[in-house]
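# What the coordinates show
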Amino acid sequence: MNAVLYLSTILIWGTTWLAIAFQIGEVSVEVSVFYRFALAAICQITVLILLKKLNWVPFRQHGWMMIQGLLLFCVNFLFFYNATKYIPSGFVSVVFSMATIFNLLNGLVFLRRMPPMQSAFGALIGVCGIIMIFWPDLTTGDWRGDRIIGLALATAGTFCFSLGNLVSQHQQKQGRNVLTANSYALVYGSSALLAWCMVNGYEFNLEFTGKYLGSLFYLATIGTIVGFGCYLALVGRIGPDRAAYCTVLFPIVALTLSTIFEGYEWTALSISGVVITLLGNLIVFSKFRVISSQLVKT
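We now turn to the structure provided with this report. For clarity, every value in this text was computed on a predicted model and none was experimentally measured. (Residues numbered from 1 in each chain as written. Predicted model: local features only at pLDDT ≥ 70, side-chain atom pairs only at ≥ 80, totals over all residues. Heavy atoms only, no water.)

In terms of helices and strands, the protein chain carries 13 helices and 0 strands. Ordered by position from N to C terminus, the α and β elements of the protein chain give α-α-α-α-α-α-α-α-α-α-α-α-α. For the protein chain, the C-alpha radius of gyration of 19 Å lies close to 19 Å, the compact-globule estimate for 298 residues. The principal-axis extent of the C-alpha atoms belonging to the protein chain is close to 50 × 50 × 35 Å. Of all 298 residues assigned to the protein chain, the portion counted as buried reaches 53%. Within the protein chain, contacts between residues at least 6 apart in sequence are counted, and of these 89% link residues at least 24 apart. Entry remark: accessible area of the protein chain is about 13800 Å², with carbon and sulfur atoms responsible for 69%. Across the protein chain, the 17 positively charged side chains and the 10 negatively charged ones have centroids separated by 25 Å. (Helix = DSSP H or I, 4+ residues; strand = E, 2+ residues; numbered from the N terminus. Rg over C-alpha atoms; globule rule 2.2 N^0.38 Å. Buried < 20%, exposed > 50% of the residue type's maximum accessible area, 1.4 Å probe, protein only. Contact = heavy atoms within 4.5 Å. Areas by Shrake-Rupley, 256 points an atom, 1.4 Å probe, with all protein chains shown as cover. Lys, Arg positive; Asp, Glu negative; His and termini not counted. Charge placed at Lys NZ, Arg CZ, Asp CG, Glu CD.)

Right, let's talk about the packing of aromatic side chains for a bit. Within this structure, the stated rule accounts for 24 aromatic pairs. Judged by centre distance (6.3 Å) and plane angle (25°), the ring pair of Trp17 and Phe250 falls under stacked. On the criterion of sequence distance, the pair formed by Trp17 in helix H1 (residues 2-22) and Phe250 in helix H12 (residues 246-262) is long-range, its members being 233 residues apart. Here Trp17 and Phe250 have matching classes, each one buried. Three or more aromatic residues link up through ring pairs in this structure, and these residues are Trp13, Trp17, Phe37, Phe73, Phe77, Phe80, Tyr81, Phe96, Phe161, Phe228, Tyr231 and Phe250. (Phe/Tyr/Trp six-rings, centres within 6.5 Å; stacked < 30°, edge-to-face > 60°.)

For Lys52, which is not glycine, the phi torsion reads 60° and is therefore positive. Locating Lys52 in the fold gives a position in the loop between helix H2 (29-50) and helix H3 (62-83). Residue Lys52 is classed as exposed on the basis of its relative accessible area of 76%.

In structure tokens:
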């Protein structure tokens, strides 16, 4: 089952980055994100109700679901969608692969779980790879350049995603069903997006093209309902550190699609940076087993 969940997550999330890029156009980013998660919430809750699988959750437990919704289905994707305005979608996926590093850091800070030296070494190599990819922009001194903005946005989105992993893991340890928790989280995330769009006066228009509507439907159903269901099931089964191994592999899918559809022109430095980034993440999980951790003494 773990292998099936891994493969599904890799293939689905490897393709969603290009679909996100297809969403950039006439409709504002914030409204597009709202459409995606509102549609996902409606579809998922409807199916669960028909199957009688939607469990009632006491209101006192909704605080965690609200936090999960904000981190996984709201703020992080506002960062990711905006990042694709500035850098190719494949590069956004490479930055997102650094979720492995953020999971280690957040595990240290919030769970007092010390990462092993092998993981720390792999994380350092991964960071070096990211620096290589964006090295020409970092050396120009123009920190307001498009690619630097894209890097910052993608990094912020990845950090939010990592925090959301911890929240989801906590909920599953409390015995809450993944699909039920996701359903409530989707409602809270899309509600927050709706409020944000209304406060800022965004127009709720639609782009009536096959490219926009097709990618929207794909992101809402396959990318969100199926993709997050598979990934968060992995988080509950094997923990966020090992589940994040998916992020090492799906950038290969995303980069291939980005090259074909977005016409990105590779350089020797950018190719080397991608390889080193993925290698760094691979080192973190090279033994592919549960790594024993010790609590940091207070």
